[in-house]
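# Chains, contacts and geometry: an overview
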Amino acid sequence: MNNFVFCSPTEFVFGRDTEKQVGDLVVRYGATNVMVVYGGGSAVKSGLLARVIEALEAKSVSYVELGGVQPNPLDTKVYEGVELARRRHVDFLLAVGGGSVIDTAKAIALGVLYNGDFWDFYAGTQKAKRALPVGVILTIAAAGSEASGNSVITKAEGKIKISLRTDYVLRPKFSIMNPELTYTLSSFQTAAGIVDMMTHIYERYFTNTTECEVTDRMCEGLLKAIINEAPIVIKYPRNYDARANLMWAGTMAHSGICGVGREEDWASHHIEHEVSAMYDVTHGAGLAVIAPARLQYLIPYNADRIAQFARRVWRVHVSDDTRQMAQEGVDAMRRFYHKLGMPLTFKELGIEHPDIDKLVDNLHRNKGEEIGSFNKILTREDTRKILEMCQ
Ligand code: NZQ
Ligand code: ZN
């Protein structure tokens, strides 16, 4: 196990009706003038936005609204938000939605205090040191941005999707998590969220670092809980306990706890981010195609670890043939995604003729010539083969 620092400073306020506490929470974290950021309409339609505004008004907190954040959020919305926040002297960002809304709010929080182009942080030419405080009301169990210090934004020009990773600066002050707010999700978005949270665990589980038994078992336990709850929410979207367990699993999957003491990998995410940048597909659905292909590709390089995953998570029968066990684990993963209604190929994802040359070029231009680490550093040749396996 490696040395580590683990700090997850967000206050999680979990359960029924918790959004009613938003007025108290923003005041506690020093807000006087809040920017309420939301998406394309689900929070308006469900009445959540109106309840949030009511809670702010009840505490005499001023606010300004910024709606219309789209999935795979764009830099253009961030520029609009930074300009509005400066003009209206906003001192707190409240994200009401999922990863796209939260990541946009985080980017605005950074941009407002920076005397330059916020994209500098994503391009890596500036290090993020300070941001306005961000609070969250989560409406989808998926990206884990409610617990992470990350923000993923796409530059519209050139379709460059970058994940900015900060240790603390962008961690939300609080995240309100009412599982009932996720009842209105489509089964597609629910399933995509499930795949995303599972992949956040894989990116940390498939590591070169050995002897991390506690972290391993936490990852396996979380995955098993997700595998148990997922079919229930697909069949019964209003099952409170299943929604609640998944919501908390999504948060734990990306809070950092699954990575302590070891090297992380993130190759599946790097590859998928290029796919969702170019074709604007749902991130979790893209991962359902990419992550199993990538794991399959790695079997010859680390069959033992993938076989352990197959045995402990997917209950694959133990045999001397670890490659076969690993293959059965990948097959079980694919079957599970298929049952959830997720795509397994580019075609099922809605991409008839993927431009693999361009995906490979963009990937290695944006993420470096070598990506990943788990027993095999991936070069252009490897990522091309992985992408070809997805056809
Ligand atoms: O825009 P609205 O109308 O709100 O609809 C959204 C959107 O269409 C809808 N939705 C959300 N909550 C709903 C709902 N519909 C009905 N009822 C509800 N309660 O769901 C759709 C997807 O929303 P989005 O915010 O895009 O989903 P998600 O949370 O999966 O976020 C995906 C984004 O997060 C990034 C992804 O790359 C992608 O851009 N990620 C962010 C990470 C982070 N910051 O730590 C890590 C992840 O790996 C990921 O890359
Ligand atoms: Zn993800």
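Located above this text is the structure these notes cover.
Below: a short report on this structure. Quick caveat, the model's predicted, so the values are computed rather than measured.

Procedures and definitions
- Residues numbered from 1 in each chain as written.
- Chains lettered and ligands numbered in written order.
- Predicted model: local features only at pLDDT ≥ 70, side-chain atom pairs only at ≥ 80, totals over all residues.
- Heavy atoms only, no water.
- Near = heavy atom within 4 Å.
- Polar contact = N/O pair within 3.5 Å; in protein donor to acceptor, adjacent residues only side chain to side chain.
- Areas by Shrake-Rupley, 256 points an atom, 1.4 Å probe, with all protein chains shown as cover.
- Nonpolar A, V, L, I, M, F, W, Y, C, P; charged D, E, K, R; others polar.
- Donors = N, O, S within 2.8 Å, 3.2 Å for Na, K, Ca; no water.
- Helix = DSSP H or I, 4+ residues; strand = E, 2+ residues; numbered from the N terminus.
- Buried < 20%, exposed > 50% of the residue type's maximum accessible area, 1.4 Å probe, protein only.
- Phe/Tyr/Trp six-rings, centres within 6.5 Å; stacked < 30°, edge-to-face > 60°.
- Pairing = 2+ DSSP bridges.
- Patch = residues over 30% accessible without salt bridge, like charges linked within 9 Å, V, L, I, M, F, W, Y side chains within 5 Å.
- Salt bridge = Lys/Arg side-chain N within 4 Å of Asp/Glu carboxyl O.
- Contact = heavy atoms within 4.5 Å.

## With respect to the site of ligand 1
Around ligand 1 sit 30 residues in total, of which Gly-40, Ser-42, Gly-99, Ser-100 and His-200 are the nearest. Taking Leu-181, its main chain carries an N or O atom lying 2.9 Å from a nitrogen atom of ligand 1. Side-chain polar atom of His-273 to an oxygen atom of ligand 1: 2.8 Å apart, as the coordinates give it. Contact with the protein chains removes 88% of the 960 Å² of surface that ligand 1 exposes when unbound. A breakdown of the residues in the shell around ligand 1 according to their chemical character gives eight nonpolar, 19 polar and three charged.

## Observations concerning the coordination of the zinc ion (ligand 2)
The coordination sphere of the zinc ion (ligand 2), as far as protein atoms go, consists of Asp-196 (OD), His-200 (NE2), His-269 (NE2) and His-283 (NE2), spread over 2.0 to 2.2 Å. Here the donor residues for the zinc ion (ligand 2) map to a single chain with the spacing D-x3-H-x68-H-x13-H. One end of the pair, Asp-196, is in helix α7 (residues 187-205); the other, His-269, is in helix α10 (residues 267-279), with 73 residues separating them in the sequence. You can call Asp-196 buried: its relative accessible area is 3%. By relative accessible area, which is 6% here, His-269 ends up buried.

## Topic: the packing of aromatic side chains
In this structure the tally under the stated criterion is 19 aromatic pairs. Arranged with centres 5.0 Å apart and planes meeting at 75°, the rings of Phe-206 and Phe-309 form a pair that is edge-to-face. One end of the pair, Phe-206, is in the loop between α7 and α8 (213-235); the other, Phe-309, is in helix α12 (residues 303-314), and 103 residues separate them in sequence. Residue Phe-206 is classed as buried on the basis of its relative accessible area, which comes to 2%.

## Observations regarding the pairing of strand β5 (residues 134-138)
Here β5 lies mainly inside the structure; five of its five residues are buried. Side chains Val-134, Val-136 and Leu-138 project from β5 onto one buried face, and the interleaved Gly-135 and Ile-137 project onto a second face that is buried too. Inspection of the sheet shows strand β4 (residues 92-97) paired to β5 by five bridges, in the parallel sense. When the bridges of β5 are listed, Ala-95 appears paired with Val-136.

## Looking at a nonpolar patch on the surface
Residues Met-1, Phe-4 and Phe-6 make up a contiguous nonpolar surface patch of roughly 310 Å² in combined accessible area. On the secondary structure map, Phe-6 appears in the segment before β1 (11-14). Phe-6 sits in the partly exposed class, given a relative accessible area of 37%.

## Topic: the pattern of salt bridges
Counted under the stated rule, the structure contains 23 salt bridges. For Glu-213, the salt bridge identified is with Arg-217, shortest N-O distance 2.9 Å. One end of the pair is Glu-213 and the other is Arg-217, both in helix α8 and four residues apart, which spans about a single turn. Given a relative accessible area of 45%, Arg-217 falls into the partly exposed group. Ionic pairing is found between Glu-369 and Arg-380, a salt bridge with its closest N-O pair at 2.9 Å. One end of the pair, Glu-369, is in the loop between α15 (356-367) and α16 (380-389); the other, Arg-380, is in helix α16, with eleven residues separating them in the sequence. For Glu-369, a relative accessible area of 44% corresponds to the partly exposed category. In this structure, a network of salt bridges that share partners links the residues Glu-213, Arg-217, Glu-220 and Arg-312.

## So, the side chain of Ser-255
In this fold, Ser-255 is placed in the loop between α9 (240-253) and α10. Residue class for Ser-255 comes out buried when judged on its relative accessible area of 3%. One polar contact links the side chain of Ser-255 to the main-chain amide nitrogen of Ile-257, over a distance of 3.3 Å. Beyond its immediate stretch of four places on either side in the chain, Ser-255 contacts Phe-6, Ser-8, Ala-147 and Arg-171.

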